[in-house]
Structure formats: C-alpha cells, structure tokens
Amino acid sequence: MALKTVRLLLWLPLIAFVAIVALVAGGLIHPHETVVRSRLIGQPLPGFTLPRAEGGAPLTPAALADGRPHLLNLFASWCVPCAAEAPQLRRLRAAGVPIIGVAIRDRPQDLAAFLRETGNPYAMVARDDAAALQVALGSSGVPESFVIDGRGVIRYQHIGAIGPDQIALILEQLRAAR
Amino acid sequence: MIAEAGLIALWIAASFAALQTVLGFAGLRAPAPPRLLGGISLIQAVATLAAFAALLLLFARTDLSVRLVAAESASTLPLLYRVAGAWGNHEGSMLLWVTILAVSGAAVALFERRLAAATLAATIGAQGLIALGFFGFLLFASNPFARLDPAAPAGLGFNPLLQDPGLAFHPPTLYVGYVGLSVAFSFAVGALLARDVGPAFARAMRPWVLGAWTFLTLGITAGSYWAYYELGWGGWWFWDPTENASLMPWLAATALLHSVTVLATRDGLRAWTVMLAVVAFSMSMVGTFLVRSGILTSVHAFALDPRRGGVILLLLAFYVGGALALFATRIATVQAGAQFRPVSREGALVANNLLLSALLGVVLIGTLYPLAAEALTGEKLSVGPPYFNATAGPLALLLVATMAAGPLMRWRREEARALARRLVVPGLVLAAALLASFWAAPDLSILPRLGLTLAAGLAVASVAPLAGRRLRRTPLFTWGMVLAHLGCAVSLAGMASESGFSAETLAAARPGETLHVGPFAVRFDAVDPVAGPNWTAVRATLAATRGGAGAALRLAPEQRTFDTPPRQTSESAIATLWDGQLYTVLGERVPDGRWQVRLWWKPFVTLIWAGGALIALGGVLALIGRARPRRRPAPEREGFAPWR
C-alpha cells in the first residue's frame, strides 16, 4: 500500500467512532419510547368478577361500560408510589373523572386505612386478592392505570404513578375515549 | 454529617486528580520526581476510598435524608443488599468505578518501574485526566450525596432482580475489568505522547491487561450464570445489549492480551497493540454508556436522564476521540517492529486478532443496528439471537481452529511440515470425535456437532504444549495459557451440548400429576404459600426421578412477589447432576386452577461456566507467572520450545 493510503487508514477508527457518537447523540436528543405498549389497547376488558371493598354487588366489566369513559387504577396499600399518586387521583376525581380502583394483593384493614389516609378518590374499589385481573390485563406492577371507553374497550395504558404533570395527558386520553 | 464528609472527600480527590493531570503531562518535558506523583495519586486514592466508604455507611444505615438512599434502598432489606444497593444504582456505581480507577492509578504511580520517566509521567497524567472527568461528572451532574429535605418516610427499595448474592458482586468484578482496561488505555496514550511504543511499554501494560481480562472473564461468566438461574428463561446467553456491553470489551481485551504478548516478547505489532488498547477501553465506555443511558432497551434498563447521558457521551467523545486522533497523528512516527512470516506464532496471533476484531465488529453492529435503523427509517426493531448466532457462531468456530494451531507454532517462522506433524494428534482426536458424534447422535444439527468435535480437538491441542516438558519446570504463564485454552474447549463443549441435546417440557398441571422431560419423571406434588424477609411467594414442590427409579430429587421453584418496589420474580429450582442440570420453573396459575410448569433437561450445561472459571484461572496463573521475577534470563530462545 502507498504511504498516503496508510496515513488515511489511520484516521478510519476515528471516523467510525465519530459516526457512532453522532448516532448515539441523535438517540439521546430524540429519546424514543421506552415503554412497551400493551397489546390489549383497542380490545375489550377481559371478563372478571371481583368483590367490592365497600361491600355490595361485585365489580364486573359491565360496570365500566355505561357509556362514559372510566379510569381503571390498579393500586395497593403496600405500594409507596401509589401513595405518591393519590393527590393526582384526587384532582382527577375533582375534575369529574369516575375512577375505579382495584386493590392488588391487599388486606381489608390495610386497604381501609390507606383509603382513609389518602382521601378515597375512587368511585368504587374492588379487591383483587390473587392479582387475577392484574395478570389478565398484562400489568407488570402497581400503580398502573387504564383508560376504558364507554363500551368497556381499553384505550390507553399508563404504567407507573401518574405524576402531577401528567394529569393533562390523562384527561386528554379520557376525552379521546369518549 | 457522613454525606457531607463524603462530598468533601470527593472534592479533595478531584483537586488532586487535577494536580496529577497537570504535573503528569508537564512531565513529558521535565519529569517531576516520581515520589511527588506517587504521593499525589495516593492522596487521591485515599480520598476517593473515604467517599465510597461514606456512601457504604449511608446505605448500611439506610439514611433516608440522602436522596440516593431513599430512591434505591429500604430499611427492610437484608444487610447484604442494603450495602450492595450502594453500587446497584447509577450514582453509586459511578463512584465505585472512579474509586477503583483512583486506586489503580495510585498503584501505577507507586509501583511501575519499567517505563521511561517521561512515558510514566504522561501515563499518570492520562489516568488523572480520566479520573478528573468522572469526578466532575459526579460532583456536578450526579452527586451521590445529595440530601433530600424533608427526609423520605420510607425507601423505594432495591430492584428485586438484583437481590441475589451473585448480582451483588457482579458489577464490582466487571468494573475492575473496565478500570484495568482504562489503565492500559493510559499506558497507550502515555506511550504515544512520549513516542515510546516498544517492548518495555508492552511489559508494563501486560499485567493490567491480564488482570482486566481475568476479571472481565469472571464477570461475564457470573453474569451469564445469574441470567440463567434468576431470569427463569432457561438460557445462558441472550445477546442482550447489557451482555454485549461486557462481551465487547472482553473480545477487545482478548485480542489485546495476545498482541501485547507479541509486542513484549517479539517487538512486533506495535501500532496494532496501541490501537487495541484504545479500542478495548472505548468498548468498555461505549458499552457502559449504552446500557446506562437507557438508549437501548434491556432487561437491566438503568434509565438515565438525557442530560446526564449527554455529559457521559461528551466525556467518552473527548477521551476516545482524543486518543484516536492522537493515534492517527502519532503512530506513523512509531518505527515498525520486528518482521515475521505469515506461518508463524505471530501470524497465528494476527489471525486470532483479526477474527476477534471481526467478532467484535459483528457484535457492535448488531447492538447499534436498532439505533441506526430507528434514526434512518423511524422504525423500531430489534436484532435478536438469530442474527448473532448466525454471524458470531462461524467466526467463533474459526477462532477455535486458530486457537488450537497457534500455540503449536514457533515464533517468527514455522515449517509447514513440522506444524502438520504437531497437529496430527489433535486432528485424529477431532476425526474420532466427529465419527463418534455420528454414531451417538445421528440427528444432531450442524453447529452443535461442529462445536463438540472442535472442542475435543481443541482440548487435545491445548494441552499439547505440555507434552514432553518437565511439568514442574514449566513456567506458570505457559500453564495459564494451557488452562485458558482448555477452558475454551470445555465451555464450547458445554454450549454445543446444551444447544444440541436440551429437552424441554412446558405444561399446565394440577398437583398430583406427573410430567416427563428427558430421562426424568417429575411429580408435581403441591403448591404452598411461603413468606420471606421482604417478599411473599408461592412455592411448588416437585419430585424428580430418573428413569422412574431411585431416590427422588426434591425441587422447589417459586414465584416471588416483592413489595418495594412491587415486582414479581420467578426463582427457578435447579438440580445439578454430574451430567447436566434439571431446571424447573413455576409459571402463572391458569384460570382453571392448573399451574404452568416449565422443565428443562440440559446435559453438561455446567461445562459452560466451569470452562469460564478455568479460563479465568488461566488468567490468574499467567498473571502470577508474569508478576514473579524471572529466574532464567532468556526464556524465549529461538527453536528450543516452540510454544513459549
């Protein structure tokens, strides 16, 4: 090889590295969605019958298919982020959103204490002691919220606690689900 | 007060790193007294250690007024995981990284006596500059000692997947490896700056490369075994970005390890060795960055905000880009080293280096491809095991062939005939293994069959350099090489056996039913609830008998539910037998009351990790052999022992 070619070759590693940095910097500047969307979006709720924490008729998908969009919120008294989420749920409630709570693997007395402390934001609370609904929904943890439209079809999945700056997003999803 | 003391220690360490950088680089013209540089780097190391000790103490006490502790730990955790939690998060792991870095820098400054004064000073300066960047990052962008006011009422907990003794010690092992590579990088920068690339530089760098490579080997082996038993998917390598992040520097370090030997003993491959030193460290930074920045999705997902990711990227660009530019401008002024014929020990090592580099390229491309595809087409996709297996598999098998032949060659030039004579026995073993495999397993697919036969040939070729030698007088580093190559053969046999002979059963079963997998009958006895310190679980009781006779093996796989943070993990139960492992996982409950049960029979799968341990042991022996003073002056005499 001519000496000039060799000299040029020496810069190749640097050029390759610059390309990698540019690529990665691009990825940083435009972060892509890291949350894996549920496959259940656009599908009706799976069938379930859960006992109500307040007593009365058990919760079934029919309760959510009354023509209005609902927010279905999976939570638990033992879950620290759920307590952090409570103020946002109260604000959503104040905005007129019917929120259905499902307590995952909870004990009745803990649940009652939790609802007293956080100022119960729920229109109804059902108990899912075996996490059956959670499994059926493909949910990976608590808290997790689903926007359900008036016909009981899942429209949006929110993984993790709803933050103060995400209330507008949730309200928009509920409007879109009307 | 502990947190503030830690922060002050960090500032002290940073200012001494700055001093070390300035004095080190100034030493290119007028070297400072070695004692002065040694003292400065020692103070830096002690201050960093103090900062890390402060963080450990805060985590051990679960001081919830510290933001990091509140976010990453909980007082309900067992002590081991409270302490391991200190480095199980972004800030803590960066502090651990820089602690190991500062300690290694001090070791170089205090004990390195083989290098010319200017080269050593520049090396220490480069090491100071690397440390300085990370101190700056910790102090300005990700302070591990930041307070939380008011203090949190409870900690958010520690990722349950990481609550495992293996994982508690896995990151430190890998970090020691990465930092060892950073020392090799500093040596390369120092040698380029001082225009002093030669055997002395290679001998100074070699123990660090050997050490780094040994720790990386251990880290990867342990990580693979952890993924195997903890994630419950029954596999041992998934080509996950996190796995690749540790594999890429390992591949580069393996190539470097071999080329640095050529440079140290034969004064060949000068430019190539410097290049590999830069690449190996770059790969450890690129890999860590990719995983830590959350740019690529991985099971380990250490999400990081883009601002911090940007700072790390700038550091990376500065160090690696600077070193590559230095390489491009300086390496032409480095004199070419000694020449050799293509068929020679050096030639085999060059082939090994090229194959390893190709393998590295293939893994790097596969890891970055999803990112590139998304940037170009906006489409999200992932490159899975099929790509990696198809591309890396054949390259790895070629590599095995050079690994078998290389150590049987002489330095500088080799007679093709003499080499062929030495390859007769391994060749015969290979042929016999191939025939035996057709007789024992006629339906085996091609890659496992090739893997098994090559493993047999490699095993024999690996120990061949010991033939006809007086074993007690054989140098330790020769033993190290033999063991490491033998370890590769053992691992390869395990991989081939696992992929060729595994049996799997997935069934929904009721207690009382019996399932079958491989030679085993597995009775599903019961499912019971159990409680642990910070989790609850359902536990299955299984009784396995081989061929339906003999004493039953008891297995108890679990599904655990952790509270803080809420998460489910499946704890597989594994019975290890002399000829393989019976691997059981309890899955979800099916609505009709049955339970999903997964069973695998994996013949000789343990050889994969036994081989890894053997490779690491080889590294340790070679390291001891290199560190001990030599008794005989010229061990590399021409024509005496070809495998030296």
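Residues numbered from 1 in each chain as written. Chains lettered and ligands numbered in written order. Predicted model: local features only at pLDDT ≥ 70, side-chain atom pairs only at ≥ 80, totals over all residues. Heavy atoms only, no water.

Turning our attention to the overall build of chain B. For chain B, the helix and strand inventory stands at 18 helices and 10 strands. For a compact globule of 644 residues, the expected C-alpha radius of gyration is about 26 Å, and chain B comes in at 26 Å, within 12% of that figure. Dimensions of chain B, computed from C-alpha atoms along their principal axes, come out at roughly 80 × 75 × 55 Å. The long-range share in chain B, meaning contacts at least 24 apart out of those at least 6 apart in sequence, stands at 73%. Element-wise, carbon and sulfur atoms account for 66% of the exposed surface of chain B, whose accessible area totals about 25900 Å². Looking at chain B, you have 49 positive and 32 negative side-chain charges, and the mean spots of the two groups are 16 Å apart. (Helix = DSSP H or I, 4+ residues; strand = E, 2+ residues; numbered from the N terminus. Rg over C-alpha atoms; globule rule 2.2 N^0.38 Å. Contact = heavy atoms within 4.5 Å. Areas by Shrake-Rupley, 256 points an atom, 1.4 Å probe, with all protein chains shown as cover. Lys, Arg positive; Asp, Glu negative; His and termini not counted. Charge placed at Lys NZ, Arg CZ, Asp CG, Glu CD.)

With that settled, consider the side chain of B:Arg449. Note on placement: B:Arg449 falls in helix H16 (residues 446–463). Buried and unpaired, B:Arg449 has B:Asp443 as its nearest opposite-charge partner, separated by 6.8 Å. (Buried < 20%, exposed > 50% of the residue type's maximum accessible area, 1.4 Å probe, protein only. Salt bridge = Lys/Arg side-chain N within 4 Å of Asp/Glu carboxyl O.)

Okay, the interface of chain A and chain B next. Each partner contributes residues to the interface: chain A has 21 residues there, and chain B has 36 residues. For the chain A and chain B pair, buried surface summed over both sides reaches about 2500 Å², with 79% attributable to carbon and sulfur atoms. One can count 0 salt bridges joining chain A with chain B. Put simply, chain A and chain B have 0 residue pairs in polar contact (both at pLDDT 80 or more) between them. Among the elements that make up the side of chain A that touches chain B, the one with the highest residue count is helix H1 (residues 3–29) of chain A (13 residues). (Buried area = accessible area lost by both parts, 1.4 Å probe. Polar contact = N/O pair within 3.5 Å; in protein donor to acceptor, adjacent residues only side chain to side chain.)

On the surface, A:Leu9, A:Trp11, A:Leu12 and A:Ile15 cluster together to form a nonpolar patch covering roughly 360 Å² of accessible area. You can see A:Ile15 is positioned in helix H1. (Patch = residues over 30% accessible without salt bridge, like charges linked within 9 Å, V, L, I, M, F, W, Y side chains within 5 Å.)

Moving on: the packing of aromatic side chains. Residue and element names in this part refer to chain B. Tallying each qualifying case throughout the model produces 21 aromatic pairs over all chains. Centre to centre, the rings of Tyr387 and Phe388 are 4.9 Å apart; their planes meet at 75°, and the pair counts as edge-to-face. The structure contains a cluster of three or more aromatic residues connected by ring pairs, namely Tyr225, Tyr228, Tyr229, Tyr583, Trp600 and Trp609. Lying across the ring of Trp535, Arg560 places its NZ or CZ 3.7 Å from the centre. (Phe/Tyr/Trp six-rings, centres within 6.5 Å; stacked < 30°, edge-to-face > 60°. Lys NZ or Arg CZ within 6 Å of the ring centre and 35° of its normal.)

A few words now on the nonpolar core. B:Leu95, B:Phe145, B:Phe201 and B:Met205 are the most contacted members of the largest nonpolar core, which has 141 residues in total. With 14 residues, helix H7 (residues 165–193) of chain B is the largest single contributor of residues to this core. When neighbours within four sequence positions are excluded, B:Leu95 is seen to be in contact with B:Leu10, B:Ala51, B:Phe52, B:Leu55, B:Leu138, B:Pro144 and B:Phe145. Grouped together as the second largest cluster of nonpolar side chains are 42 residues, A:Cys82, A:Val142, A:Phe146 and A:Ile167 included. (Core = buried A, V, L, I, M, F, W, Y, C linked by side-chain atoms within 4.5 Å.)

Residue and element names in this part refer to chain A. Strand S3 (residues 124–128) sits mainly inside the fold: 4 of its 5 residues count as buried. Bridge count between strand S2 (residues 99–104) and S3: 5 bridges; the pairing is parallel. Considered in S3, the bridge of Gly101 is made with Val125. Once you follow S2 into helix H3 (residues 108–118) and on to S3, the crossover reads as right-handed. (Pairing = 2+ DSSP bridges. Right-handed = clockwise from strand over helix to strand, strands pointing away.)

We now examine the confidence of the model for chain A. Taken as a whole, chain A shows an average pLDDT of 82; of its residues, 92% reach a score of 70 or greater. Confidence, expressed as mean pLDDT per element, reaches its minimum in chain A at helix H4 (residues 132–136) of chain A with 79 and its maximum at strand S1 (residues 70–75) of chain A with 91. (pLDDT = per-residue confidence, 0-100.)

Moving on to the pattern of salt bridges. Residue and element names in this part refer to chain B. Taken as a whole, this structure holds 19 salt bridges over all chains when the rule is applied. A salt bridge links Glu346 to Arg266, with the shortest nitrogen-to-oxygen separation between them at 3.9 Å. Here Glu346, found in helix H12 (residues 345–377), pairs with Arg266, found in helix H9 (residues 241–266); they are 80 residues apart in sequence, far enough to count as distant. A single burial state applies to Glu346 and to Arg266, both of which are buried. Ionic pairing is found between Arg554 and Asp525, a salt bridge with its closest N-O pair at 3.5 Å. Of this pair, Arg554 sits in strand S5 (residues 549–555) while Asp525 sits in strand S3 (residues 520–531); the two residues are 29 residues apart in sequence, bridging distant segments of the chain. Arg554 sits in the exposed class, given a relative accessible area of 58%. Under the relative-accessibility criterion, Asp525 is labelled partly exposed at 26%. One continuous salt-bridge network, built from bridges that share partners, spans Arg539, Glu558, Arg560 and Glu571.

We now examine the environment of B:Leu174. All names here are of chain B. With respect to the helices and strands, the residue Leu174 is situated in helix H7. According to the relative accessible area criterion, Leu174 is buried, its value standing at 9%. Once the C-alpha coordinates of Leu174 and Ala277 are considered, the two residues, 103 residues apart in sequence, prove to be 17 Å apart. Look past the residues within four positions of Leu174 in its chain and what remains in contact with it is Leu216, Gly219, Ile220 and Ser246.

Residues and elements named next belong to chain B. You can see Leu37 is positioned in helix H2 (residues 34–61). A relative accessible area of 4% means that Leu37 is categorised as buried. C-alpha separation for the pair Leu37 and Pro426, spaced 389 residues apart in sequence, amounts to 52 Å. Excluding residues within four positions of it along the chain, Leu37 makes contact with Gln20, Leu23, Gly24, Ala109, Ala121 and Ile124.

Residues and elements named next belong to chain B. Under the 1.5 Å per step criterion, the end-to-end length of helix H5 (residues 90–111) is 32 Å for 22 residues, consistent within 8% with the ideal 32 Å. Most of H5 is tucked away: 18 of the 22 residues are buried. The N-terminus of H5 is capped by Asn89, whose side-chain oxygen sits 3.3 Å from the backbone nitrogen of Glu91. (Expected span 1.5 Å × (residues − 1).)

The next subject is the packing of H2(B) against H5(B). Residue and element names in this part refer to chain B. Between H2 and H5, the least distance of the axes is 8 Å, while the angle of their chain directions is 155°. Our classification of the angle between H2 and H5 gives roughly antiparallel. Handedness of the H2/H5 crossing: left-handed. Along its contact with H2, which presents Leu37, Gly38, Ser41, Leu42, Gln44, Ala45, Thr48, Leu49, Ala51, Phe52 and Leu55, the element H5 presents Gly92, Leu95, Leu96, Val98, Thr99, Ala102, Val103, Gly105, Ala106, Ala109 and Leu110. (Axes fitted to C-alpha atoms, helices over the stretch in contact; angles between N-to-C directions. Parallel < 35°, antiparallel > 145°, perpendicular 65-115°, else oblique. Left-handed = near helix turned anticlockwise from the far one by under 90°.)

Residue and element names in this part refer to chain A. In space, the 5 strands of this open sheet follow the order S3-S2-S1-S4-S5, with mixed pairing throughout. If you trace the sheet from one side to the other, it starts and ends with S3 and strand S5 (154–159), each paired once. Taken over all neighbouring pairs, the strand axes of this sheet differ in orientation by 20° on average, direction set aside. Across 5 bridges, the pairing between S1 and strand S4 (residues 144–148) is antiparallel. Within S4, the residue paired with Asn73 across the bridge is Ser145. Strands in contact with H3 are S1, S2 and S3; relative to S3, the strand with the most contacts, it is inclined by about 150°.

What follows covers the sheet that holds strand S1 (residues 503–509) of chain B. Each strand in a sheet pairs with another by means of backbone hydrogen bonds, the pair being arranged parallel or else antiparallel. All names here are of chain B. If you walk across this open sheet you meet the 4 strands as S1-S10-S9-S8, and the pairing is antiparallel. Every other strand in the sheet has two partners, leaving S1 and strand S8 (573–577) as the edge strands with one partner each. Each strand axis lies, on average, 15° off the axis of its neighbour in the sheet, ignoring direction. Of the strands in this sheet, S8, strand S9 (580–589) and strand S10 (595–603) touch helix H8 (residues 199–230), which is tilted by about 45° from S9. Helix H17 (residues 476–501) contacts S1 and S10 of the sheet and is inclined by roughly 130° relative to S10.

Examined against the element boundaries, B:Gln559 turns out to sit in strand S6 (residues 558–562). Residue contacts for B:Gln559: discarding those within four places in its chain leaves B:Thr536, B:Ala537, B:Val538, B:Gln568, B:Thr569, B:Ser570, B:Leu586, B:Gly587 and B:Glu588.

Turning our eyes to something else, we now look at the confidence of the model for chain B. Residue and element names in this part refer to chain B. On average, chain B scores 86 in pLDDT, and the residues at 70 or more come to 93%. Ranking the elements of chain B by mean pLDDT puts strand S7 (residues 567–571) last with 80 and helix H1 (residues 2–26) first with 95. Within the model, the stretch residues 631–644 combines pLDDT values under 50 with 29 contacts to residues more than four positions away or in other chains. At the level of chain-chain contacts, confidence expressed as ipTM amounts to 0.75, with global pTM at 0.80.

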